[in-house]
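Per-entry structural report
For reference, the chains in residue letters:
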Amino acid sequence: MRVLVTGVAGFIGFSLTQKLLARGDTVIGIDCVNDYYDLRLKEARLARLKELGGNRFTFLKADFADMAGVTIALDGLEFERIVHLGAQAGVRYSIENPHAYVQSNLVGHLNLLEIGRHRGVEHMVYASSSSVYGGNEKLPFSVDDRVDHPLSLYAATKKADELMSETYAHLYRLPLTGLRFFTVYGPWGRPDMMMWIFTRKILAGEPIPVFNHGDMYRDFTYIDDIIAGVMACLDNPPPDDGAPKAGGSLKPHRLYNIGNHRSEHLMKVVEILEAECGRKAQVELLPMQPGDVRQSFADIDAIANDLGYQPTTSIDIGVPNFVAWYKQYHGL
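Presented here is an overview of the structure given in this document.

So, how was this worked out
Residues numbered from 1 in each chain as written. Predicted model: local features only at pLDDT ≥ 70, side-chain atom pairs only at ≥ 80, totals over all residues. Heavy atoms only, no water. Helix = DSSP H or I, 4+ residues; strand = E, 2+ residues; numbered from the N terminus. Rg over C-alpha atoms; globule rule 2.2 N^0.38 Å. Contact = heavy atoms within 4.5 Å. Areas by Shrake-Rupley, 256 points an atom, 1.4 Å probe, with all protein chains shown as cover. Lys, Arg positive; Asp, Glu negative; His and termini not counted. Charge placed at Lys NZ, Arg CZ, Asp CG, Glu CD. Axes fitted to C-alpha atoms, helices over the stretch in contact; angles between N-to-C directions. Parallel < 35°, antiparallel > 145°, perpendicular 65-115°, else oblique. Left-handed = near helix turned anticlockwise from the far one by under 90°. Nonpolar A, V, L, I, M, F, W, Y, C, P; charged D, E, K, R; others polar. Phe/Tyr/Trp six-rings, centres within 6.5 Å; stacked < 30°, edge-to-face > 60°. Lys NZ or Arg CZ within 6 Å of the ring centre and 35° of its normal. Buried < 20%, exposed > 50% of the residue type's maximum accessible area, 1.4 Å probe, protein only. Right-handed = clockwise from strand over helix to strand, strands pointing away. Pairing = 2+ DSSP bridges. Salt bridge = Lys/Arg side-chain N within 4 Å of Asp/Glu carboxyl O.

The subject of this paragraph is the overall build of the chain. Counting secondary structure elements, the chain contains 11 helices and 13 strands. Compactness check: the chain gives a C-alpha radius of gyration of 19 Å against a globular reference of 20 Å for 332 residues, within 12% of the reference. Dimensions of the chain along its principal axes, counting C-alpha atoms only, are 55 × 45 × 40 Å. The long-range fraction of contacts in the chain, counting pairs at least 24 apart against all pairs at least 6 apart in sequence, stands at 82%. Counting every atom, the chain has about 13,800 Å² of accessible surface; 51% of that belongs to carbon and sulfur. For the chain, the distance from the average position of its 33 positive side-chain charges to the average position of its 40 negative side-chain charges is 2 Å.

This is the structure:
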């Protein structure tokens, strides 16, 4: 199929595009390639995609929050499905730079909904986030839970994206699937995320910042498991049959958690990183960060029952894989 992927230079967008190209699909990738983190990493990902895809990969450097610009960029290009992964990421950065999140995550999401509607696409899969669960104390987090109390602007924008999508599924019968990702990590990951930061600092002999004095749990999900879930969703649009969908919609709109269905103690991950880096971490215990949550834990029953999704990579395998890639990438 022909697929439009936004955020193609990003961690998940790049990883998904590799798999789509490997199975023979054609991909149009959009990314503004901003400097939120090291441009060299984004450029290395794009170079790899161009090498892998040849004439089946088209890259457009464009800002999907600019409707006029992205419309011009897409003129004359055909695609049947969309995977909208582009966004301004990061919980803590949303406190420092809120306007970036409104433009990218709200205006940008609306623009992709409009493109999907006017192009008559068969299905649009979009990235939500486990952050929408906010301060929920019921564990594991289920797509049937109320998510009305976000703890960060980032989380609020992702909840808003889900609401806008429900509206478009209702008004225009646009098939949509929203994916609430849980702490994604793995090779080619993001430098602003914990796994990369801790690995870099441990190898450099610098102290690692451990928030909430180490009392933190995360549902760490390996990138290959995330991509398996995204592709299963992409290939199975929600039917417009009036039946209740995952997340409660009666429209052609589903919501799924994609997680590992295990809530791991942060210090267990630190122990694995220490073993793989070959040195003890200097731990700097800090209070909880604004906008952060103590624990995340995905209930994946909905996507497992509908699409047969089952994660296969534990942190005992995934974390060493990441460290090995990190060392290779940096020539260590």
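This paragraph deals with the packing of helix α5 (residues 98–119) against helix α6 (residues 153–172). One way to put it is that α5 packs onto α6 with a least axis distance of 10 Å and a crossing angle of 15 degrees. For the element pair α5 / α6, the angle class is roughly parallel. In the packing of α5 onto α6, the handedness of the crossing is right-handed. Touching Pro98, Tyr101, Asn105, Leu106, His109, Leu110, Leu113, Glu114 and Arg117 of α5 are Leu153, Tyr154, Thr157, Lys158, Ala160, Asp161, Met164, Ser165, Tyr168 and Tyr172, all from α6. Of the residues assigned to the contact of α5 with α6, the class counts are 11 nonpolar, four polar and four charged.

Ring pairs (aromatic) are described by centroid distance and by the angle formed between their planes. Per the counting criterion, the structure on display carries 18 aromatic pairs. Joined through ring pairs, the aromatic side chains of Phe14, Trp188, Trp196, Phe322, Trp325, Tyr326 and Tyr329 make up one cluster. Above the ring of Tyr37, the side-chain terminus of Lys42 is found at 4.6 Å from the ring centroid.

Of all the six residues making up strand β6 (residues 176–181), six are buried; the element is thus mostly covered by neighbouring parts of the structure. Side-chain alternation along β6 places Leu176, Gly178 and Arg180 on one buried face and Thr177, Leu179 and Phe181 on a second face that is also buried. Read as a crossover between parallel neighbours, the route from strand β5 (residues 123–127) over α6 to β6 is right-handed. Judged from the six bridges that link them, β6 and strand β11 (residues 253–258) form a sheet pairing that is parallel. When the sheet's bridge partners are listed, Leu176 is paired in β11 with His253.

Next up on the list: the pattern of salt bridges. The full count for this structure, using the stated rule, is 18 salt bridges. Residue Glu264 is joined to Lys268 by a salt bridge in which the shortest nitrogen-to-oxygen separation is 3.6 Å. Accessibility expressed as a relative area gives 10% for Glu264, which makes it buried. With a relative accessible area of 34%, Lys268 lands in the partly exposed category. Between Lys280 and Glu274 there is a salt bridge, with the nearest N and O atoms lying 3.7 Å from each other. Through salt bridges with shared partners, one network takes in Arg23, Asp25 and Asp235.

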